[in-house]
Amino acid sequence: MDILDALILGIIQGLTEFLPVSSSGHLELGAALLGGDRLPEESLMFTVVLHFATAFATLIVFRKDIVEILSGLFKGEWNEETQFSVKIVLSMIPAVIVGLFFEDQLEQFFGGKIIFVGSMLLVTALLLFLADRAKNTDKSVSFPNAIIVGLAQAVAMLPGISRSGATISTSVLLGIDKNKAARFSFLMVVPLIFGKIAKDILDGGLVFTEDTFGYLAVGFIAAFISGYFACVWMIALVRKSKLTYFAIYCTIIGLIAIFSGVYL
């Protein structure tokens, strides 16, 4: 990998982590276009660095919210901050269960199945289209809502289902305020990202040498900057009900993928 590759991959990771277009789906389609080659095992360190960059971008965007949550937790009371933290934990449970006990089954949906990816992109498009037409409210995330949104996050582990698209759309369709839906969607994934990073570190296989520092640094910076602006942009788009543009994009890419899988 050279510096230009790291820059491009970092930007792609930062954008697709937050914009509702499914990063895993695009990775699968990209792999198919390149002949089905997957990233080599030695790229695990690079992948971990990019995910850390996008998680760090989320922390920066929501720094005030996180400080308030932590301050509330230290009070040791059943206050709004403590309740929000419990909701985050509840939302993580479905994805953790899938990741720990159904990893092999999940892997079967990857590996060049572009017709499936295309179909899931159409599902993402439908969710975004419906969410854009939902009425805005001032409703907050409830404990049952947190579990339902968590189920949407677990389903979004399938290639082609956008995590941010699925969780934000599900929240809005449940009647949750659009700003609060976006806030919850982005904050709920941070513990999962850090948990996945910790698991990769404990499992071993991460390789770091002086030769890799350059492209790791470039990838991190690119993913962080693009992720930061994508996160801020996505919040504004949700607030202004502008998700239909991404619904159209996902529909076009999904139909192209299905057509390619059937006829090419």
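Residues numbered from 1 in each chain as written. Predicted model: local features only at pLDDT ≥ 70, side-chain atom pairs only at ≥ 80, totals over all residues. Heavy atoms only, no water.

**Describing helix H9 (residues 163–173)**
Move 1: Among the 11 residues of H9, 10 are classified as buried, and the element is accordingly described as predominantly covered.
Move 2: Among the residues of H9, Arg 163, Ser 164, Gly 165, Ala 166, Thr 167, Ile 168, Ser 169, Thr 170, Ser 171 and Val 172 are the ones counted as buried.
Move 3: For H9, the secondary structure elements touched by its buried residues are helix H1 (3–18), helix H7 (114–132), helix H8 (143–155), helix H10 (178–203) and helix H11 (210–239). (Buried < 20%, exposed > 50% of the residue type's maximum accessible area, 1.4 Å probe, protein only. Helix = DSSP H or I, 4+ residues; strand = E, 2+ residues; numbered from the N terminus. Contact = heavy atoms within 4.5 Å.)

**So, the side chain of Ser 169**
Move 1: Note that Ser 169 resides in helix H9.
Move 2: A relative accessible area of 0% means that Ser 169 is categorised as buried.
Move 3: There is a polar contact of 2.6 Å between the side chain of Ser 169 and the backbone oxygen of Gly 165. (Polar contact = N/O pair within 3.5 Å; in protein donor to acceptor, adjacent residues only side chain to side chain.)

**Some points on the packing of helix H5 (residues 80–101) against H8**
Move 1: At a minimum axis distance of 8 Å, the contact between H5 and H8 shows a crossing angle of 30°. Considering only the axes of H5 and H8, their crossing is right-handed. Of H8, the residues touching H5 (which contributes Gln 83, Val 86, Lys 87, Leu 90, Ser 91, Pro 94, Ala 95 and Val 98) are Phe 143, Ala 146, Ile 147, Gly 150, Leu 151, Gln 153 and Ala 154.
Move 2: Looking at side-chain class alone, the contact of H5 with H8 contains 10 nonpolar, 4 polar and 1 charged residues. (Axes fitted to C-alpha atoms, helices over the stretch in contact; angles between N-to-C directions. Left-handed = near helix turned anticlockwise from the far one by under 90°. Nonpolar A, V, L, I, M, F, W, Y, C, P; charged D, E, K, R; others polar.)

**As for unusual backbone geometry**
Move 1: The backbone of Ser 241 shows a phi angle near 55°, a positive value even though the residue is not glycine.
Move 2: Looking at the element boundaries, Ser 241 is found in the loop between H11 and helix H12 (244–263).
Move 3: Given a relative accessible area of 25%, Ser 241 falls into the partly exposed group.

**As for the confidence of the model for the protein chain**
Move 1: When pLDDT is averaged along the protein chain, the result is 87, and 92% of the positions lie at 70 or above.
Move 2: The lowest-confidence element of the protein chain is helix H2 (residues 23–33), averaging 75 in pLDDT; the highest-confidence one is H8, averaging 96. (pLDDT = per-residue confidence, 0-100.)

**Quick look at the packing of aromatic side chains**
Move 1: Here the structure, examined in full by the defined rule, presents 13 aromatic pairs.
Move 2: With a centroid separation of 6.3 Å and an interplanar angle of 40°, the aromatic rings of Phe 62 and Phe 186 are classed as tilted. Of this pair, Phe 62 sits in the loop between helix H3 (44–61) and helix H4 (63–74) while Phe 186 sits in helix H10, and the two are 124 residues apart along the sequence.
Move 3: For Phe 186, a relative accessible area of 0% translates into the label buried.
Move 4: Ring centres of Phe 84 and Phe 184 lie 5.7 Å apart, and the angle between their planes is 90°; this geometry places the pair in the edge-to-face category. (Phe/Tyr/Trp six-rings, centres within 6.5 Å; stacked < 30°, edge-to-face > 60°.)

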